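What follows is each chain in one-letter form.
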Amino acid sequence: MIAVFLKLALGVLAVAAAARFFAYPRPRGRYCYLSRCAVAFAEAASDVLFPPGGEPVYSGREVGIPDFFERYFAALPRRTRVLFQALFCLFEHATLFFPAPGHLGWRRFSSLSPEQREAAIQSWHASRLYTRWLAFSSLAALFSIAYVSHPAVLRQLGLAPRATRTPIARADLLYPPIGRGPEAIAYTEADLTPPSDGTPLRVDAPLHPAFAEGFVRAPERIS
Amino acid sequence: MLETRPGGEVRVFAQYKGDVSEQADVVVVGSGPCGAVVARELAHSGASVLLLEEGPPFTPQDFELNGSLSMARTMREGGLRFTTGGQHLPTMQAIALGGGSLVNSAICVRPPSWVFDGWCGDFELEHTSRTDLDPHFDAVEKFLGIAPTPENVQGARNLLLKRACDALGYSSEPIARNVTGCRGSGECYTGCRNRAKQSMDLTYIPDAIRAGARVLTSVQVQRVLAEGSRVTGVVGQVVQPFTGRRSYRVHVRAKVVVLAAGVMATPVILQKSGDLANRSGQVGENLQFHPGVAVAAFFPEPTDPQFGATQGYHTLQFLKEGFKIETLWAPPPLLAARLPGYGRALKRRIAELSHCAVWDAIVSCHRSTGRVRARCFGMQPRLTYRIHPEDTVLLRRALWVLTELFFAAGARTILPPVFGAPEELHSLADAEVLRRAWRARDFAMASTHAFCSTRMHSDPRRGVVDEFGRCHDLENLYIVDTGIFPRSPSVNPMLTGMALAHRSAGFIAERL
């Protein structure tokens, strides 16, 4: 009888563990470099780290932080990518050891209520434990990078890169774009242009096209 | 294509179709500022030169304007390399044709005489006084057109430091840089779209190619080959840009091998070559940094911080004390990464970035050392570093001076990068808390300046190379990167590294 009960209990525990660690809904976007766990955590944490309201007007969820992580992780070496995934996983499941206040505060981070998520993040932020603080600082840094990378946020801050005329230097006759061969060198001696004359870039210079529009989900409200 | 002397060429990843076997008088490993100088000078002396670089050449269309994505493409380990073993210190090394010069802020400073006097006295050097090196500094400065940052591209953010120094009676000056026609776009760290920065890929390397040098990019050197007391060449592999995926084998035979792979990579190559050139036991030892403490502050008036030279002004007032203070700007996402807090408070700080100025102190932590060790697999280093308690005192002092300067310039709020301190300080009285006995690890720091991992010393038992960069153990192996500095130069190291490399090139040319 005891053996049956133990087996049953173990089975329930295994199902609970599997549900906790593996059962995530399919994300809205298509992600190759982010696990479902990482996407769920990133979306949930976006709301706490960059809530709606105040300036800048965009919330973390509006700017699509997981989309940026997908691009960023794709550019990172595998080892670093794995470390970042592990960091997200740590925060997602750390509620087992540092439960959020309130009912069922031990659930994974992305399953907590908004108030519980806020409290969980606050406990990391205010921790006097150096390693906990370091982990939180790393996480907040990653999310801040993602948030401020959004063209709409940069535009609102007035910090979007400006368009500029890039002179064609003699060195441009030597190097093809990365991944291409010398046949892709687009310039000849005849294309050389005078070097930069040192005219300071003006505050009212037009924005770089990549930052002037695109990748915008929220209505533009540039102050 | 550009007109070159016969033989001059640059080869890129797409051109490799099989194993590569080459021969040259001199093979130079690494195309950063030091390697590029040696390659150009030796090519002009008539030697056949092969320059190997692990990274690709970046054209303006390859530049990524987003700071973090740019770092992931141009820096080793995605720009997220750090030390362990006591101090968690992020450190960045470039992987690109031109090395760090592609993505640094082009600062060129000659160290004062007392730096070299100290080197000569403590490391038994006879020909490395400032007077000995001045002709080499002159040559490099002339070639690159190094000049102080003009006033019209300083921008408000840089001039605030001048205002602060004037108010407190400290000396200050515009930073000299290898830049011509700067427009003050503040984009040095992501690659200069104005082609104003005179990085090595635009200057020394094309000139070396014109003089007949061959440049092989996307080649990772893995071992130096030696027979008896001489080296015979290097072997490595072609690596794909960004992924680092290895493919064809590369074998280069050469009369002279010059390692300029940098403070981290040079010791790793030597260690992977069967602990070559290490009878002294000093390869990979004595690693030093300039830990940088950066402080952000908000001003009542807009500073339009993205306009103006990335690093345009500095004060050398505290150099003898052990630190140098300079202005700083970085792509906004990277700056935002250093802002404290979360939620509304973090958003408010981000919203104030247009009123922000960032200054940093680079600290000459002479007593603090670390170690470079090759990892078992691959060519990445394992770095350990520990900050000496006396240098921690210096860090605290530098932080205090930065705070004083900010409030003297009229800052409304400063954000001290210290674990356990308040997130915002609003007056000098508030800032008294920074005088407490904070530990080194409490400071959020980073460093791009590294030295001493293959240091010079006249005594073969205490150094890896002599003062001309020649290895004590192997007569035709030279090291010319900043790893040969016997101690921190107290100022930004690029120009000193290039001057020493210029001298080494002449020394090698005489012996070919």
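Located above this text is the structure these notes cover.
Keep in mind it's a predicted model, so treat the numbers as computed, not measured. (Residues numbered from 1 in each chain as written. Chains lettered and ligands numbered in written order. Predicted model: local features only at pLDDT ≥ 70, side-chain atom pairs only at ≥ 80, totals over all residues. Heavy atoms only, no water.)

Provide a residue-level description of the overall build of chain B, including the pertinent values.
Across its full length, chain B holds 11 helices and 21 strands. Compactness check: chain B gives a C-alpha radius of gyration of 22 Å against a globular reference of 24 Å for 512 residues, within 12% of the reference. C-alpha atoms of chain B, sized along the principal axes, occupy 65 × 50 × 45 Å. The proportion of buried residues among the 512 residues of chain B is 68%. Look at the contacts in chain B between residues 6 or more apart in sequence, and 75% of them connect residues 24 or more apart. As displayed, chain B offers around 16,500 Å² of accessible surface, 49% of which is attributable to carbon and sulfur atoms. Positive and negative side-chain charges of chain B, numbering 56 and 49 respectively, have mean locations separated by a distance of 5 Å. (Helix = DSSP H or I, 4+ residues; strand = E, 2+ residues; numbered from the N terminus. Rg over C-alpha atoms; globule rule 2.2 N^0.38 Å. Buried < 20%, exposed > 50% of the residue type's maximum accessible area, 1.4 Å probe, protein only. Contact = heavy atoms within 4.5 Å. Areas by Shrake-Rupley, 256 points an atom, 1.4 Å probe, with all protein chains shown as cover. Lys, Arg positive; Asp, Glu negative; His and termini not counted. Charge placed at Lys NZ, Arg CZ, Asp CG, Glu CD.)

Any details on the nonpolar core? Residues and values, ideally.
Trp359 and Leu477 of chain B are the most contacted members of the largest nonpolar core, which totals 142 residues. The dominant element in this core, judged by the number of residues it contributes, is helix H10 (residues 389-408) of chain B, at 10 residues. Split by domain, the residues of this core number at least three in each of domain 1 (9-57 + 109-145 + 216-284 + 453-511) and domain 2 (151-189 + 291-446) of chain B. Every residue in contact with Leu477 of chain B, bar those within four places of it in the chain, is listed here: Val224, Val231, Val257, Leu259, Leu270, Leu276, Ala277, Gly469, Arg470 and Cys471 of chain B. Residues Ala120 and Trp124 of chain A together with Trp329 and Ala337 of chain B belong to the second largest nonpolar core, which totals 69 residues. (Core = buried A, V, L, I, M, F, W, Y, C linked by side-chain atoms within 4.5 Å. Domains from an automatic or database assignment.)

Before we move on, could you go through the interface of chain A and chain B and cite the residues and values that matter?
When the parts come together, some accessible area is lost, and that loss is often what is quoted as the size of the interface. Each partner contributes residues to the interface: chain A has 76 residues there, and chain B has 68 residues. Summed over both partners, the interface of chain A with chain B buries about 6,000 Å², with 66% contributed by carbon and sulfur atoms. Its largest share of buried area at the contact with chain B, chain A owes to Tyr130, Tyr175 and Ile178 of chain A, together 14% of the area lost on that side. At the junction of chain A with chain B, the criterion picks out two salt bridges. (Buried area = accessible area lost by both parts, 1.4 Å probe. Salt bridge = Lys/Arg side-chain N within 4 Å of Asp/Glu carboxyl O.)

Explain the packing of aromatic side chains to me, using residue names and the numbers behind them.
Counting across every chain of the model gives 34 aromatic pairs over all chains. Between Phe451 of chain B and Phe485 of chain B, the aromatic rings sit 5.8 Å apart at their centres with planes inclined by 10 degrees, giving stacked as the arrangement. Of the two residues, Phe451 of chain B sits in strand S20 (residues 450-451) while Phe485 of chain B sits in the loop between strand S21 (477-479) and helix H11 (494-511), which places them 34 residues apart along the sequence. A relative accessible area of 0% means that Phe485 of chain B is categorised as buried. An aromatic cluster of at least three residues, connected via ring pairs, comprises Phe41, Phe68, Phe69, Tyr72, Phe73, Phe84, Phe88, Phe91, Phe98, Phe109, Trp124 and Phe143 of chain A. Cation over ring: Arg108 of chain A sits above Tyr24 of chain A, and NZ or CZ is 3.9 Å from the ring centre. Sitting over the face of the ring of Tyr130 of chain A, Arg441 of chain B holds its NZ or CZ atom 4.1 Å from the ring centroid. (Phe/Tyr/Trp six-rings, centres within 6.5 Å; stacked < 30°, edge-to-face > 60°. Lys NZ or Arg CZ within 6 Å of the ring centre and 35° of its normal.)

Purely spatial values, then, with no claim about function.
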